[in-house]
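Listed here are the chains, written in short residue letters.
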Amino acid sequence: MLKNEILRYTTKKGDNIMIRVGICDDDFAFGCQIEGYLEKFAQQNNIGIETKVFLSGEECLNYLIQEPTLDILFLDIIFGNKINGVTIGQWIRSKLENEITQIVYISANEEYAMQLFQNRPLDFLLKPIEYEQIENIMDNYKHLFFDQKNFFEYQIERAFYRIVDNEIIYFQCSGKKIKLVTTRAEKDIMEKCTDVKL
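Note that the coordinates shown come from a computational prediction; the quantities given were computed from them, not determined experimentally.

K.L.:
Outline the packing of aromatic side chains, listing residues and values.
P.N.:
The geometry of an aromatic ring pair is captured by two quantities: the separation of the ring centres and the angle between the planes. According to the stated counting rule, one finds two aromatic pairs in the structure shown. Arranged with centres 5.8 Å apart and planes meeting at 70°, the rings of Y37 and Y131 form a pair that is edge-to-face. Taken together, the residues Y37 in helix α1 (residues 28–45) and Y131 in helix α4 (residues 131–145) connect sequence positions 94 residues apart. Here Y37 matches Y131 in class, with each residue buried. With centroids separated by 5.2 Å and ring planes inclined at 55°, the aromatic side chains of F54 and Y63 adopt a geometry described as tilted. On the basis of relative accessible area, F54 is assigned to the buried category, the value being 0%. We classify Y63 as partly exposed; its relative accessible area is 21%. The side chain of K40 reaches across the aromatic face of Y131, ending 4.2 Å from its centre. The cationic tip of K127 hangs over the ring face of F30; the distance from NZ or CZ to the ring centre is 4.5 Å.

K.L.:
I'd like a description of helix α3 (residues 85–95), backed by residues and values.
P.N.:
Along α3, the residues that are buried comprise G85, V86, I88, G89, I92 and R93. In a view along the axis of α3, the buried residues occupy a sector of 165°, so they form one face of it. Exposed side chains of α3 directed beyond 90 degrees from the buried face belong to S94 and K95. If you check the start of α3, you find a side-chain oxygen 3.0 Å away from the backbone N of V86, and it comes from N84. A positive phi of about 50° marks E97, the residue just after α3.

About the thresholds
Residues numbered from 1 in each chain as written. Predicted model: local features only at pLDDT ≥ 70, side-chain atom pairs only at ≥ 80, totals over all residues. Heavy atoms only, no water. Phe/Tyr/Trp six-rings, centres within 6.5 Å; stacked < 30°, edge-to-face > 60°. Helix = DSSP H or I, 4+ residues; strand = E, 2+ residues; numbered from the N terminus. Buried < 20%, exposed > 50% of the residue type's maximum accessible area, 1.4 Å probe, protein only. Lys NZ or Arg CZ within 6 Å of the ring centre and 35° of its normal. Arc of directions from axis to C-beta. Polar contact = N/O pair within 3.5 Å; in protein donor to acceptor, adjacent residues only side chain to side chain.

Here's what the structure looks like:
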């Protein structure tokens with residue numbers, strides 16, 4: 001069992017934004033192309049983008065199980081191995097209980113589009129991909145999750161949560177536990193009062 005802990009930030013409009021992006025595709029050249037598009041977007045929009053490229057579904061899944069969550073995952077559907085993109089999406093949503101990572105499925109074949117809705121993807125892209133498509137997705141993500149909003153993000157065991165700060169009423173330190181009280185619920189989020197970082 002993992003220790004309950006705060007993962008990161010409250011981000012405000014105008015602050016430096018860092019978006020963590022994963023690219024999972026067994027075509028190395030394609031992964032580099034997407035990474036280049038993301039770097040271009042970051043430069044044009046004065047934001048930070050940290051990328052991690054995975055060449056197999058197993059490599060991606062192992063990373064997601066062990067590391068802090070990604071903000072966006074560009075995920076191919078078909079790999080030359082056992083784990084496919086649909087399975088990875090199911091693991092992210094069901095086993096890891098991660099609703100923060102936004103999945104963008106990528107495929108050369110549109111027949112998979114209907115199978116993907118259960119994993120609640122942000123988008124679906126058909127190969128080949130142009131810069132403008134990545135730009136539209138990143139603009140959409142930035143608008144949905146960063147523009148004019150502050151977030152508080154935390155982890156309980158393997159599940160990741162992000163809430164808008166105006167839903168937070170207060171934090172209550174009770175003994176060694178911290179309770180987060182919001183407009184919707186109350187939740188014990190940490191083991192020690194000193195763990196809260198805003």
